[in-house]
Amino acid sequence: MRQYEEAIRKAREKQRDLEDVTLAFRQLQREQAELLTRVGNAWRGNQADYKLGAIGEDIAHEQRVMQKRLHQLEEQLQAEYKQVQADVERAKEAKTGARH
């Protein structure tokens, strides 16, 4: 039973870590948008708009990749947590069944 409790604790820690990473990712997105705005204001003209657009597309792509990875990690953690919960229930049932 102790092993299952430890597994649940670790799964919850991973979930909190994922939430921290997600918050940091969102902050990074805001900072990148602000940076693009500042760079755009500093650079005036067609060439700057073109480069700024390319930079924006690169950042958007990286954000999509990161968001996809965060989503995958979240799904993995949820599946891990559900598995641990199921293991705990089976252990409880086995313990109860052994008593009777």
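The structure under discussion appears in the preceding block.
Note that the structure is predicted; figures quoted are calculated from it, not measured. (Residues numbered from 1 in each chain as written. Predicted model: local features only at pLDDT ≥ 70, side-chain atom pairs only at ≥ 80, totals over all residues. Heavy atoms only, no water.)

Chemist: Got a minute to help me understand the side chain of Q63 in this structure?
Modeler: With respect to the helices and strands, the residue Q63 is situated in helix α2 (residues 46-99). Sequence-distant contacts of Q63, defined by excluding residues within four places in its chain, comprise F25, Q29 and Q32. (Helix = DSSP H or I, 4+ residues; strand = E, 2+ residues; numbered from the N terminus. Contact = heavy atoms within 4.5 Å.)

Chemist: When you look at the pattern of salt bridges in this model, what are you seeing that I'm missing?
Modeler: Pairs can form between side chains of opposite charge whenever their charged atoms are close. One pass over the structure, following the stated rule, counts five salt bridges. The partner of E6 in a salt bridge is R9, and the shortest N-O contact between them spans 2.2 Å. Taken together, the residues E6 and R9, both in helix α1 (residues 2-42) and three residues apart, mark about one turn of the helix. For R9, a relative accessible area of 35% corresponds to the partly exposed category. With its nearest N and O atoms 2.2 Å apart, the salt bridge here joins D87 to R90. Of this pair, D87 and R90 are both found in helix α2, three residues apart, which corresponds to roughly one turn of the helix. On the accessibility criterion, D87 (19% relative accessible area) is buried. The partly exposed category is assigned to R90, whose relative accessible area is 47%. The network of salt bridges with shared partners includes E6, R9 and E13. (Salt bridge = Lys/Arg side-chain N within 4 Å of Asp/Glu carboxyl O. Buried < 20%, exposed > 50% of the residue type's maximum accessible area, 1.4 Å probe, protein only.)

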